[in-house]
Amino acid sequence: MATIEECRSALDKLSDNMQRAEGDVRDAAAMDRSVSCHITDLDVTFVGRMRGGRIEVHDTVQGPPPAKAEIRLVMAGDDLVALVDGELSFAKAWGSGRVKLHAGVRDLLQLRKLL
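A brief look at the structure comes next. (Residues numbered from 1 in each chain as written. Predicted model: local features only at pLDDT ≥ 70, side-chain atom pairs only at ≥ 80, totals over all residues. Heavy atoms only, no water.)

### Overview of the overall build of the chain
Note the threshold: A run of H or I in DSSP counts as a helix once it spans at least four residues, and a run of E counts as a strand once it spans at least two, with each numbered from the N terminus. Only the C-alpha atoms count toward the radius of gyration. The rule for a globule is 2.2 Å times the residue count to the power 0.38. Whether two residues touch is decided by their heavy atoms; if any such pair falls within 4.5 Å, the residues are in contact. Charge convention: Lys and Arg are scored as positive, Asp and Glu as negative, and His as well as the terminal groups of each chain are ignored. By convention, the charge on Lys lies at NZ, on Arg at CZ, on Asp at CG and on Glu at CD.
Of regular secondary structure, the chain possesses 5 helices and 5 strands. For the chain, the α and β elements follow one another from N to C terminus as α-α-β-β-β-β-α-α-β-α. Scaling as 2.2 N^0.38, a compact globule of 115 residues should have a C-alpha radius of gyration of about 13 Å, and the chain matches this with 13 Å. Principal-axis analysis of the C-alpha atoms places the extent of the chain at approximately 35 × 30 × 25 Å. In the chain, the proportion of contacts linking residues at least 24 apart, taken out of those at least 6 apart, comes to 57%. Averaging the locations of the 16 positively and 18 negatively charged side chains of the chain gives two centres separated by 7 Å.

### Focus on the environment of R33
Operational definition: Note on classification: 1.4 Å probe, protein chains only; a residue is buried when its accessible area is under 20% of the maximum for its type, exposed when over 50%, partly exposed between these limits. Pairs of N or O atoms are called polar contacts if they sit within 3.5 Å, as long as, within protein, a hydrogen donor faces a hydrogen acceptor (for residues adjacent in sequence, only side-chain-to-side-chain pairs).
Its place among the elements puts R33 in strand β1 (residues 33–39). Judged by relative accessible area, R33 falls into the partly exposed class, the value being 24%. Placed 74 residues apart in sequence, R33 and D107 show a C-alpha to C-alpha distance of 8.9 Å. Ignoring anything within four residues of it in the chain, the contact list for R33 reads G48, R49, M50, E70, I71 and D107. A distance of 2.8 Å separates a polar atom in the side chain of R33 from a polar atom in the side chain of D107.

### Regarding a negative patch on the surface
The criterion, for reference: For patch detection, residues must exceed 30% relative accessible area and be free of salt bridges, and they are connected within 9 Å for like charges or within 5 Å for nonpolar side chains (Val, Leu, Ile, Met, Phe, Trp, Tyr). All accessibility values rest on the Shrake-Rupley procedure with a 1.4 Å probe; residue burial counts only the protein chains present in the view. In what follows, salt bridge is the name for a side-chain nitrogen of Lys or Arg lying within 4 Å of a carboxyl oxygen of Asp or Glu.
Among the surface-exposed residues, E5, E6, D41 and D78 lie close enough to one another that they form a single negatively charged patch. Assignment of secondary structure puts D41 in the loop between β1 and β2 (44–51).

### What to know about the nonpolar core
To keep it simple, the criterion reads: What is meant by a nonpolar core is a set of buried Ala, Val, Leu, Ile, Met, Phe, Trp, Tyr and Cys residues, joined one to another through side-chain atoms within 4.5 Å.
In this structure, I39, F46, M50, M75 and L80 are the most contacted members of the largest nonpolar core, which totals 28 residues. Mapped onto this core, the elements with two or more residues apiece are α1 (4–19), β1, β2, β3 (54–62), β4 (71–75), α3 (77–84) and α4 (90–95).

### Examining the pattern of salt bridges
Under the defined criterion, the tally for this structure stands at 8 salt bridges. The partner of R98 in a salt bridge is D79, and the shortest N-O contact between them spans 2.5 Å. Of this pair, R98 sits in the loop between α4 and β5 (100–103) while D79 sits in helix α3, and the two are 19 residues apart along the sequence. R98 sits in the partly exposed class, given a relative accessible area of 42%. If you follow the salt bridges from partner to partner, you end up with D32, R49 and E70 in one network.

The values are spatial; any link to function lies outside them.
Structural data, given as structure tokens:
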């Protein structure tokens, strides 16, 4: 099972990858939205903001997200690490229910370029 530190490191790595993106992916990464990532097996949520092509984690809280973010991810820690490391396909994980993504329709259309 991934630790809180490994999950935070994976989010940092994802943010770095987004910063280096080009074309349509870079445009999608440049969205300005509140973000939460609930790690179910650790029962911890990373809360922050996606802006300027980065994910800025502002807080780590116990339990589910304290407020409804505009983009919400829910998954196990191992799945987050595997997604960021390229060992797990987002489409496969989402299709099987291992990863849940909640966002508005417009945001989902933009996010599909990232994922």
